[in-house]
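Each chain is listed here by its residues.
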Amino acid sequence: MSTRSPDTASLLSSTSTSRPTTFSAPRGAQIYTLDTFSSQAFIVKDFIESLTEASLPTQRKSLSSTTATATTTKQAFDPKPLIRTFEHTLARLRTLSEELESRENELAGSVRRAENQHNTNIQSRSQELERTVEAFHRLERTLDGDGDTGGNAAMQIGERLEELDRQRQRAQDAKFILQCWVEVSERGDLSALDDVRRMGGGEGKVRCAHIARQLLNISQRLDASASSANGTPQQTNGVNGHHNDEDDESPVRNKSRGTAHNPREIIEKFLEMLEKDLLKSFDDFYRRQNFPGMMETSLALRSFSSGQSVISLFVNQHQFFIDRAQLITEDLAMDASSWDDLADPDSAPPGVEPSLQSLLDEVKLVCQEESFIIKRAFPFHEEVLARFLQRVFQQSIQQKLEMVLNKADSISSLAFLRSLQSSRSYIAGLVEDLKQHGLTEHPEPASATTSAVLDQQLDELFVPYFTGSSYIEREKRNLGELFEGLLFKFQIYHSRRRKMQPSSYLGQLAARGGEYISNAREAYTKRLDTAELPARQKAMLLRIAGLHERGEHGGGVGAQGKEVDVTDEDGQLSLGTTKRMLKWLAEGVGRSLELAAGGGSETPREVRELLHLLVANVGEIYLETALDSLGDAAAAAEGAKGGEPDLSYLSELRGAVSVLGLTLTTIRMLLLPLAAGNLSVRRELEKYTTSFTERMEGKVDLILNRTLDASLAWSGKLLAGQKKTDFRPRDDGNLQLDRLQTPTCAALTGFLSKVHGKAVLALGGRDSVLEAFNLELAIGLRTLLLVHFRSFAVSQIGALTVSKDITKYIELLRGWELPEGVFGPSLEVLTEVANLFVISPEALRERLRGFGQGVVGMERGDLRAYVLRREDGGSVGVQAALGVL
């Protein structure tokens, strides 16, 4: 036994070897069974102790009786009770062991018999399965057929059975229709059909509606046949052959004339009653959220006007439309500061209007929840969902959207455009969320039909705002008003500047242009004073124009004879102003792209309009006006008399070049790529941009050329002021060699250093233009110097002065970082000229003989004029050296 302890087993084995029978079983011995040793709490030690304790009480009694007589005498140990107890226990354990072995043998036999039976059953089932599979294969081969039998025959039999079933069903339907027709035509009722309606459930109601419509068709055909036979189509046998409306409208014909019941009207009333009953049942099921009942009822109503009545009932009574209809007059939730930010072009738009956002969020939840109901309540759920979405968009969303846009339009044009953009963006996000949710197809994306309905509703919401060119005209008008306000003082400044110019023919033309700008200014301020623009937009344009207070422009130019105060800073180009205008333009372009859903066929044309607007304002009104002003300043410097030319305008040229660069970068990086979809428009814009660029670069070149002419003209005047004694100083012993530089050289190098510094400041960052300017100036200076040193007699001491001046000029030119490969060799000419005055006649002969190697810009014959200006030019040595030439 599995629960037998090792000590118990040893006891059992000992009983098998020694079987004492000397002692009989003790009185009161315990009876042990197998349950005693199978317990989980059985312990051998405790069991032996209990046996020992059971045999001790008799011995203890004998000990207590002798204690009184001999307490000190030791009692001998008596083992007999223990031996009898253990002998009895061992005998019982041997009996239990035999019982246990007998039981184990019985159980083992039962297990063997069960296993044999199980194996027999398995073999039997396996054989039955094999027989079944074989029978199935034979049936399959038979159905597949060999020739014209088998499967083809089975298919033909099945099709024939189906056809017979359909014929049987049609026969039963025809029989029932005839019974109903007899009832309605003879008795004037439809009790049999009504029983089907009441007892047939959803399918019965569908069948009832179908049969009633067939009865109605029968009635219509019979009426038409009767009318045709009597020669009076669509008329009854009324008095004098005229059509009697009363005969068609009453359920029973006039009994005085003995006519039968009117089946057509009875059937129509039955159909009307059936439809109302079904609609009432559907409404009850909807209120109790009984979706199976709604499904059956809507299926029955499908045969009535294609289910339009039940769809209208479901949509029109929806709580969402009832609640929203009561709240349609609620005010918008956006505060005044947010509306101001919306109208401010320099502030970030605050986003979608909060009440519209709340509505759209609620629409999202309602559509997701109702799509679940629609899917379970209608077998034609896509049609119902489409009608529900149409109602949501065309009623709730459209009304709130119109309220938001009307309010924004009353603020400013920019507020309207920003509200239009944010609203469409949020509604488009709602549409995409609904598509991703799937609605009735959840968790799968929405079906193609539902997606098309959502896209159509989104487009129809914004059709009034994108008809024709209405949108791009709004954008152009908004940007034009902003640009005009920002350039208001700039235009006034330059109109006044033109008025101050001399009254030559060109001056008169400029004055006319200034008068035109002045008139435009007056029109602008008058327009601000009229009611054409909303009050907030007018205030915003006044702020942008720098007219913060009404008193600054006196209620409008001309109203009180006051002029707007402008400063020189108002007439200068500003990168900040340019960036503001380009930022406004970029916002408009981004808005156009977003509202055009990523760019459509009209995008290139809209880009063309915006590019022309940019060039007209930033390019022509702003940049070209400033370049014309700089050109006038350069012309004044070129024609200056009696003093050093004022080249301060060069500092403003840098701003003009930067504005031109930003404008061209915006055109090429932002606008032209958007016109790639239309090649003709793209070529037109590229040609237009190239023309504008060449015109602006031509004006910059004109300014630089006039600057060069003015610089070289003043350099020539400074050189003309050179004293003849500068190169023939007196040798009085007080001459300091370190101060041999002439005042003319100092003045000229100082002037040219300033010109170069201004050029670097104006053209810095455009190395090619700066290098070309410096090269032209250097070449002109070298030409002036070569002519200049040919005009003065030079003494031996004066030769040192000439060398000092030429060295100073060369140092100046080398500091301009001129291209060594182009101008570097030509500087050697000046060095050679200085050497012609310094070296001795003997060295001069060798110098002239070797001249021409590595010297650019002068022929050997040109050196004679310089050699003859030496103080010893008529000496024999010098003349002999000239003989080399």
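None of the values given here were measured: they were computed from a predicted structure.

**Section: the overall build of the protein**
In terms of helices and strands, the protein carries 34 helices and zero strands. Sequence-distant contacts, at least 24 apart, represent 74% of the contacts inside the protein between residues at least 6 apart. In the structure as shown, the protein presents an accessible area of about 47,800 Å², 52% of it carried by carbon and sulfur atoms.

**Overview of the nonpolar core**
General note: in soluble globular proteins, nonpolar side chains tend to be found buried as a group. If you look at the biggest cluster of nonpolar residues, it comprises 102 residues, and the most contacted ones within it are L623, L627, L653, F789 and V833. The element contributing the most residues to this core is helix α24 (residues 603-638), with 14 residues. Look past the residues within four positions of L623 in its chain and what remains in contact with it is L573, V618, A656, V659, L660, F692 and M696. One finds A209, L278, L279 and L401 within the second-largest nonpolar core, a separate group that totals 83 residues.

**Topic: the environment of R845**
Mapped onto the fold, R845 is located in helix α32 (residues 841-849). Judged by its relative accessible area of 34%, R845 is partly exposed. In this structure the C-alpha to C-alpha distance between R845 and A880, which are 35 residues apart in sequence, comes to 7.4 Å. Engagement of the side chain of R845 in a polar contact is seen with the backbone oxygen of A880, the distance being 3.2 Å.

**Quick word on the pattern of salt bridges**
According to the stated counting rule, one finds 29 salt bridges in the structure shown. With its nearest N and O atoms 3.5 Å apart, the salt bridge here joins R536 to D340. Here R536, found in helix α22 (residues 535-544), pairs with D340, found in helix α14 (residues 336-343); they are 196 residues apart in sequence, far enough to count as distant. Given the relative accessible area of 31%, R536 is considered partly exposed. Two residues, K699 and E624, come together in a salt bridge whose shortest N-O distance is 3.8 Å. Taken together, the positions of K699 in helix α26 (residues 679-720) and E624 in helix α24 put the pair 75 residues apart, joining distant regions of the chain. In the salt-bridge network here, residues are joined through shared partners; they are E620, E624, D628, R695 and K699.

**So, unusual backbone geometry**
Apart from glycine, the bulk of residues carry a negative phi angle, and the bulk of peptide bonds sit in the trans form. Between H442 and P443 the backbone carries a cis peptide bond, its omega angle lying at 10 degrees. Structurally, P443 can be placed in the loop between α17 (413-437) and α18 (448-462). For Q289, which is not a glycine, the phi torsion comes out positive at approximately 60 degrees. By the secondary structure assignment, Q289 is in the loop between α10 (263-287) and α11 (291-301). Given a relative accessible area of 39%, Q289 falls into the partly exposed group. A positive phi angle, close to 55 degrees, is found at E817, a residue other than glycine. Tracing the chain through its elements places E817 in the loop between α29 (796-814) and α30 (820-823).

**Some words on the packing of aromatic side chains**
The full count for this structure, using the stated rule, is 12 aromatic pairs. Taken together, a centroid distance of 5.4 Å and an interplanar angle of 75 degrees make the contact between F314 and F378 edge-to-face. Residue F314 is found in helix α12 (residues 308-316), and its partner F378 is found in the loop between α15 (354-377) and α16 (381-411); the two are separated by 64 residues along the sequence. Comparing F314 with F378, the two get one shared label, buried. Here a set of aromatic residues connected by ring pairs shows up, and it is made of F282, Y286, F314, F378 and F380. The ring of W339 is capped by K407, whose NZ or CZ atom sits 6.0 Å from the centre of that ring. The ring of F462 has R424 sitting right over it, with the charged end atom 5.8 Å from the ring centre.

**Some points on the packing of α17 against helix α19 (residues 470-486)**
The geometry of α17 relative to α19 is characterised by a closest axis approach of 9 Å and an angle of 135 degrees between their N-to-C directions. Comparing their axes, α19 and α17 come out oblique. Here α17 runs over α19; the crossing is left-handed. On α19, the residues that touch S413, L414, F416, L417 and L420 of α17 are Y471, R474, E475, N478 and E481. Grouping the amino acids of the contact of α17 with α19 by side-chain chemistry returns five nonpolar, two polar and three charged.

**Some points on α10**
When the terminal C-alpha atoms of α10 are compared, their 36 Å separation across 25 residues agrees well with the 36 Å that a helix rising 1.5 Å per residue should span. Following α10 by one or two positions, Q289 has its phi on the positive side, about 60 degrees.

**Focus: a nonpolar patch on the surface**
Taken together, the side chains of I157, L161 and L164 make up a nonpolar region of the molecular surface, amounting to roughly 290 Å² of accessible area. Mapping L161 onto the fold places it in helix α6 (residues 151-187).

**Structural notes on the environment of R302**
Tracing the chain through its elements places R302 in the loop between α11 and α12. It is 9.2 Å that separates the C-alpha atoms of R302 and P379, two residues lying 77 residues apart in sequence. Not counting residues within four places of it along the chain, the set of residues in contact with R302 comprises G307, F380 and E383.

**Details of the packing of α10 against α12**
The angle between the axes and the distance between the axes are what describe a pair of packed helices. One can describe the packing of α10 onto α12 by two numbers: an axis separation of 11 Å at closest approach and a directional angle of 35 degrees. You can see that α10 and α12 cross each other, and the crossing is right-handed. Together, E275, L279, F282, D283 and Y286 of α10 and S309, V310, L313 and F314 of α12 make up the contact between the two elements. Of the residues belonging to the contact of α10 with α12, the class tally is six nonpolar, one polar and two charged.

**Thoughts on a negative patch on the surface**
On the surface, a cluster of negative charge is contributed by E98, E99, E101 and E104. Within the secondary structure, E98 is located in helix α5 (residues 80-144).

What counts and how
- Residues numbered from 1 in each chain as written.
- Predicted model: local features only at pLDDT ≥ 70, side-chain atom pairs only at ≥ 80, totals over all residues.
- Heavy atoms only, no water.
- Helix = DSSP H or I, 4+ residues; strand = E, 2+ residues; numbered from the N terminus.
- Contact = heavy atoms within 4.5 Å.
- Areas by Shrake-Rupley, 256 points an atom, 1.4 Å probe, with all protein chains shown as cover.
- Core = buried A, V, L, I, M, F, W, Y, C linked by side-chain atoms within 4.5 Å.
- Buried < 20%, exposed > 50% of the residue type's maximum accessible area, 1.4 Å probe, protein only.
- Polar contact = N/O pair within 3.5 Å; in protein donor to acceptor, adjacent residues only side chain to side chain.
- Salt bridge = Lys/Arg side-chain N within 4 Å of Asp/Glu carboxyl O.
- Phe/Tyr/Trp six-rings, centres within 6.5 Å; stacked < 30°, edge-to-face > 60°.
- Lys NZ or Arg CZ within 6 Å of the ring centre and 35° of its normal.
- Axes fitted to C-alpha atoms, helices over the stretch in contact; angles between N-to-C directions.
- Parallel < 35°, antiparallel > 145°, perpendicular 65-115°, else oblique.
- Left-handed = near helix turned anticlockwise from the far one by under 90°.
- Nonpolar A, V, L, I, M, F, W, Y, C, P; charged D, E, K, R; others polar.
- Expected span 1.5 Å × (residues − 1).
- Patch = residues over 30% accessible without salt bridge, like charges linked within 9 Å, V, L, I, M, F, W, Y side chains within 5 Å.
- Lys, Arg positive; Asp, Glu negative; His and termini not counted.
- Charge placed at Lys NZ, Arg CZ, Asp CG, Glu CD.

Shape descriptors only; they carry no functional weight alone.
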